[in-house]
2 protein chains.
Amino acid sequence: MDDDCTIYKTADFIGKRWTLVIILALYKGNGTKRYTELKREISGITSKILSLRLKELEKQGLVKKRIDTSTVPISCYYSLSKIGADFIGIIKDMKSWALKWNIDNRVCSMSNCKNCKL
Amino acid sequence: MDDDCTIYKTADFIGKRWTLVIILALYKGNGTKRYTELKREISGITSKILSLRLKELEKQGLVKKRIDTSTVPISCYYSLSKIGADFIGIIKDMKSWALKWNIDNRVCSMSNCKNCKL
DNA sequence: CAGGATCCAAAAGGATACTG
DNA sequence: CAGTATCCTTTTGGATCCTG
């Protein structure tokens, strides 16, 4: 397997645990969220994993981070970049595909999923 | 994180190592391939992982398996189901997305990737 | 507030050998 | 041929505590 292949790498990173959840959390706010907000919203995630994933997403360019140093302590704001926002379409397609074919009897439906709301 | 959510589950399983490679191997042949053929074609994969992934994909309905018992030893043929074939579109979209935004300086390009040929 | 450090448990994957 | 079984290494994630 060639780790340099675009789609393998893409699938590898979106398949990572919590990554999609974080993207969707940022999408749902469709604005900007702080670290602690995200942590509170995404139930079950630990600080370590959240910061780790955010760093990965930032590196990949999906997430933008803004730091406000004028406050004490400093405030960090996260939001989807254009790249990240553009990825939402693919997530929607994945959902449509899964629902169309009824993959692995899922509970959420196109119109109302308590998590993704797509 | 709700493990019942459609898109999390979908991302989880396509993000698994080798899964995408196997789907693409079956797509490229766009016909039917035998276990040993797949193993030979996908360099680096072990018997264990290949059979494990094939089983998962079969369970999810992406892959169909046909067994010919009239031969000795028996012959097994794998191919993409309609569901699996329909998923190729999403893979293509993922690739387009990654290339459009130039994610993580990859080496393959839209027109010629030695692996995926999409 | 926004993490980093450390330690530990669990899971996934690889190597190798074997079989109906 | 088409896998299983076993063992072992590596990776990943979680819990907990700590800090500028």
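Residues numbered from 1 in each chain as written. Chains lettered and ligands numbered in written order. Predicted model: local features only at pLDDT ≥ 70, side-chain atom pairs only at ≥ 80, totals over all residues. Heavy atoms only, no water.

### Topic: the interface of chain B and chain A
Interfaces are frequently sized by the accessible area removed from exposure as the parts join.
Right, on to step 1. Taken together, the 46 residues of chain B in the interface contact 46 residues of chain A.
Right, on to step 2. A salt bridge links Lys 100 of chain A to Asp 86 of chain B; its shortest N-O distance comes to 3.3 Å.
Right, on to step 3. The interface formed by chain B and chain A holds six residue pairs in polar contact (both at pLDDT 80 or more) in total.
Right, on to step 4. In terms of residue count, the dominant contributor to the side of chain B that touches chain A is helix α5 (residues 82–100) of chain B (13 residues).
Right, on to step 5. Of the residues belonging to the side of chain B that touches chain A, the class tally is 27 nonpolar, seven polar and 12 charged. (Contact = heavy atoms within 4.5 Å. Salt bridge = Lys/Arg side-chain N within 4 Å of Asp/Glu carboxyl O. Polar contact = N/O pair within 3.5 Å; in protein donor to acceptor, adjacent residues only side chain to side chain. Helix = DSSP H or I, 4+ residues; strand = E, 2+ residues; numbered from the N terminus. Nonpolar A, V, L, I, M, F, W, Y, C, P; charged D, E, K, R; others polar.)

### What to know about unusual backbone geometry
The phi angle of most residues is negative, glycine excepted, and most peptide bonds adopt the trans form.
Residues and elements named next belong to chain A.
Right, on to step 1. The amide bond that connects Val 72 to the next residue, Pro 73, takes the cis arrangement and shows omega of -5 degrees.
Right, on to step 2. Positionally, Pro 73 belongs in the loop between β2 (63–68) and β3 (75–80).
Right, on to step 3. You will see that Asn 102, though not glycine, has its phi angle at about 60 degrees, which is positive.
Right, on to step 4. Mapped onto the fold, Asn 102 is located in the segment after α5 (82–100).

### Some words on the protein's contact with DNA strand D
Right, on to step 1. Taken together, 19 residues are adjacent to DNA strand D, and Lys 48 and Arg 53 of chain A together with Thr 36, Lys 55 and Tyr 78 of chain B come closest.
Right, on to step 2. A breakdown of the atoms of DNA strand D within 4 Å of the protein gives sugar and phosphate a share of 72%.
Right, on to step 3. In this structure, a phosphate oxygen belonging to DNA strand D sits 3.2 Å away from a side-chain N or O atom of Trp 18 of chain A.
Right, on to step 4. In the environment of DNA strand D, a phosphate oxygen lies 2.9 Å from a nitrogen or oxygen atom belonging to the backbone of Cys 76 of chain B.
Right, on to step 5. If you list the elements that add at least two residues to the surface near DNA strand D, you get α4 (47–60) of chain A together with α3 (35–41), α4 (47–60) and β3 (75–80) of chain B.
Right, on to step 6. At four residues, α4 of chain B tops the list of elements feeding residues into the surface near DNA strand D.
Right, on to step 7. Of the residues that constitute the surface near DNA strand D, the class distribution is seven nonpolar, five polar and seven charged. (Near = heavy atom within 4 Å.)

### Focus on the sheet that holds β3 of chain A
All names here are of chain A.
Right, on to step 1. The three strands lie next to each other as β1-β3-β2, forming an open sheet whose pairing is antiparallel. The sheet is open, and its two borders are formed by β1 (33–34) and β2, each paired with just one other strand.
Right, on to step 2. Sheet analysis places β2 next to β3, joined by six bridges and oriented antiparallel. Residue pairing for β3: Val 63 is matched across the bridge by Leu 80.
Right, on to step 3. Contacts between helix α2 (residues 19–29) and the sheet are confined to β1, β2 and β3, with β3 contributing the most and set at about 90 degrees to the helix. (Pairing = 2+ DSSP bridges. Axes fitted to C-alpha atoms, helices over the stretch in contact; angles between N-to-C directions.)

### So, the packing of α5 of chain A against α5 of chain B
Right, on to step 1. Packing of α5 of chain A against α5 of chain B brings their axes to within 10 Å, and their N-to-C directions diverge by 180 degrees. The orientation of α5 of chain A with respect to α5 of chain B, classified from their angle, is roughly antiparallel. Along the contact surface, α5 of chain A presents Ile 83, Asp 86, Phe 87, Ile 90, Asp 93, Met 94, Trp 97 and Lys 100 of chain A, while α5 of chain B presents Ile 83, Asp 86, Phe 87, Ile 90, Asp 93, Met 94, Trp 97 and Lys 100 of chain B.
Right, on to step 2. Taken together, the residues that form the contact of α5 of chain A with α5 of chain B break down as 10 nonpolar, no polar and six charged. (Parallel < 35°, antiparallel > 145°, perpendicular 65-115°, else oblique.)

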